[in-house]
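This is what each chain is made of:
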Amino acid sequence: MFKLMKSKKFVLAMVFLLSLVLIVGCSTQTKKEEPTQSEGKKEEPKKEETKKPRIIRAGIGLNDKHPQFKALEEFKKIVEEKTNGSVKVELYHSGQIGDDRTMMEALQLGTQEMTCPATAPIANFVKEFSIFDFPFIFPNEKVADMILDGPVGQELLDKLPEQGIIGLAYWENGYRQLTNDVRPVAKVEDFNGLKIRTMENQVHLDAFRALGANPTPMPFPELFTAMQQGTVDGQENPFATIYLQKFYEVQKYVSDTNHVYSPFVLMMSKKFWDESTPEEQKIFKEAAIATRDINRKLNREANSKYVEELEKTGMTLTRISDEDRAEMAKVVAPVIEKHKEKVGKEFADKFYKAIDEAIKATSN
Ligand code: KDG
């Protein structure tokens, strides 16, 4: 009996011990599975951030040697750096993705983000822009800068958003000069019958017609071939463009007509602008202004350097006398009067008044 009791006790003791082991085991197991306080705070491991950069496709008609492209490269650098890579800028030159008009239309549709056309084709979207193409309106670059960067220039940029475009800043194309492959042009009568390619702008067409030439509007990317094939005898553009686009290969004569001071407008699609944050918009605007100054500096250096280089290529340079230039201005005066009516007398008067004030301010 005692033996039995002893063994019962033994069995009970064993069962107790076993259950103890089991309980302790289970409890430590459970403990392991329970998150510790600090583990509980741990965040879900983050998935790789795969936010793609937004792309700005910026296209121009001129080639990659031109100060316009050099300034665009600076714009790209600033924007990519300041947006920490969340915006990437792709640059296209030589009309690779279109001419001035088609690129502006692409900006309106939101299928391209930036371009930088001369003001002449912009007049087909906002008529008042044609005032920049009135011949002999800007006496020098200082005056042009004051007007463009002042309230009248801004008033014109403010007309672009209703066309689906944001005008960021005025850059510089420069004073336009005539080239042709027929004869030296020194006087009004020398324009007679010359087939001249002009930008797509009514003021240019009317002015060259008044001078006796036979003007044809044509997008810039088609120009070299048109001169090469003799579809046109000549064209007009600043010295830097004439040299850097190698027009001297297909043109014999260049005259320093200085007939129009041609600005560029660095512009962005309103769709892209509206999708950007206020911080990004600030970066775009500031970069446009910083690179405007780079562009103007490089462009002025290029225009004065390349006029000499053009003579070295074998082109004949004709210097126009003040009297002959005054005669040209007299011939195109009625064209200006006609287009003053078109842009609106009130606006034209305001523009001319601003020029007078800028002349006074810059001549001190
Ligand atoms: O990149 C600018 C060109 O597309 C164009 O504006 C140059 O002045 C020009 C022209 O004659 O068309």
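What you are looking at is a predicted structure, and each value in this text was computed from that prediction instead of being measured. (Residues numbered from 1 in each chain as written. Predicted model: local features only at pLDDT ≥ 70, side-chain atom pairs only at ≥ 80, totals over all residues. Heavy atoms only, no water.)

## Side note on unusual backbone geometry
Step number 1: Here Ser94, not a glycine, exhibits a phi torsion of approximately 55 degrees, which is positive.
Step number 2: Its place among the elements puts Ser94 in the loop between strand E2 (87-92) and helix H4 (100-109).
Step number 3: A positive phi angle, near 55 degrees, is found at Phe136, a position not held by glycine.
Step number 4: The residue Phe136 is located in the loop between helix H5 (119-122) and helix H6 (141-149) in this model.
Step number 5: On the basis of relative accessible area, Phe136 is assigned to the partly exposed category, the value being 27%. (Helix = DSSP H or I, 4+ residues; strand = E, 2+ residues; numbered from the N terminus. Buried < 20%, exposed > 50% of the residue type's maximum accessible area, 1.4 Å probe, protein only.)

## As for empty space enclosed by the protein
Unfilled space is identified by rolling a water-sized probe across the atoms.
Step number 1: Counting across every chain of the model gives two cavities of 30 Å³ or more.
Step number 2: Approximately 220 Å³ is the volume found for the largest cavity.
Step number 3: Looking at the largest cavity, it is lined by 21 residues, and the ones nearest its centre are Asp100, Ala118, Arg197, Met199 and Phe220.
Step number 4: Its boundaries defined by the atoms lining it, the second largest cavity holds a volume of some 110 Å³.
Step number 5: Looking at the lining of the second largest cavity, the elements with two or more residues in it are helix H8 (202-210) and helix H13 (322-343).
Step number 6: By residue number, the principal contributor to the lining of the second largest cavity is H8, which donates four residues.
Step number 7: Among the residues making up the lining of the second largest cavity, the classes are represented as ten nonpolar, three polar and one charged. (1 Å grid on protein atoms, 1.4 Å probe; cavity = no way out; pocket = protein on both sides within 12 Å on 5 of 7 lines; lining within 4 Å. Points joined across faces, edges and corners; volume = space filled by probe spheres on them. Nonpolar A, V, L, I, M, F, W, Y, C, P; charged D, E, K, R; others polar.)

## Section: the site of the ligand
Step number 1: What surrounds the ligand is a group of 13 residues, the closest being Gln68, Asp100, Asn173, Arg176 and Arg197.
Step number 2: Within the side chain of Arg176, a nitrogen or oxygen atom sits 2.9 Å from an oxygen atom of the ligand.
Step number 3: Contact between the ligand and Asn237: an oxygen atom at 3.1 Å from a side-chain N or O atom of the residue.
Step number 4: In the complex, 99% of the free accessible area of the ligand, which totals 330 Å², lies under the protein chains.
Step number 5: Of the pockets mapped on this structure, the ligand occupies the largest cavity. (Near = heavy atom within 4 Å. Polar contact = N/O pair within 3.5 Å; in protein donor to acceptor, adjacent residues only side chain to side chain. Areas by Shrake-Rupley, 256 points an atom, 1.4 Å probe, with all protein chains shown as cover. Sits in = over half its atoms within 2 Å of the grid points.)

## Remarks on the pairing of strand E5 (residues 177-180)
Step number 1: What you see with E5 is no split at all: Gln177 and Thr179 on one side and Leu178 and Asn180 on the other are buried throughout.
Step number 2: Bridge count between E5 and strand E8 (residues 234-237): four bridges; the pairing is antiparallel. Within E8, the position partnered with Asn180 by the bridge is Gly234.
Step number 3: With three bridges joining them, E5 and strand E9 (residues 253-255) adopt antiparallel strand pairing. Pairing of Asn180 across the sheet is with Tyr253, part of E9. (Pairing = 2+ DSSP bridges.)

## Some points on the packing of H13 against helix H14 (residues 345-363)
Step number 1: As a packed pair, H13 and H14 sit with axes 6 Å apart at the nearest point and diverge in direction by 115 degrees. It follows that H13 is roughly perpendicular to H14 by the angle criterion. Within the contact between the two elements, H13 uses Ile336, Lys340, Glu341 and Val343 and H14 uses Lys345, Phe347, Ala348 and Tyr352.
Step number 2: Here the residues of the contact of H13 with H14 are counted per class, giving five nonpolar, no polar and three charged. (Axes fitted to C-alpha atoms, helices over the stretch in contact; angles between N-to-C directions. Parallel < 35°, antiparallel > 145°, perpendicular 65-115°, else oblique. Contact = heavy atoms within 4.5 Å.)

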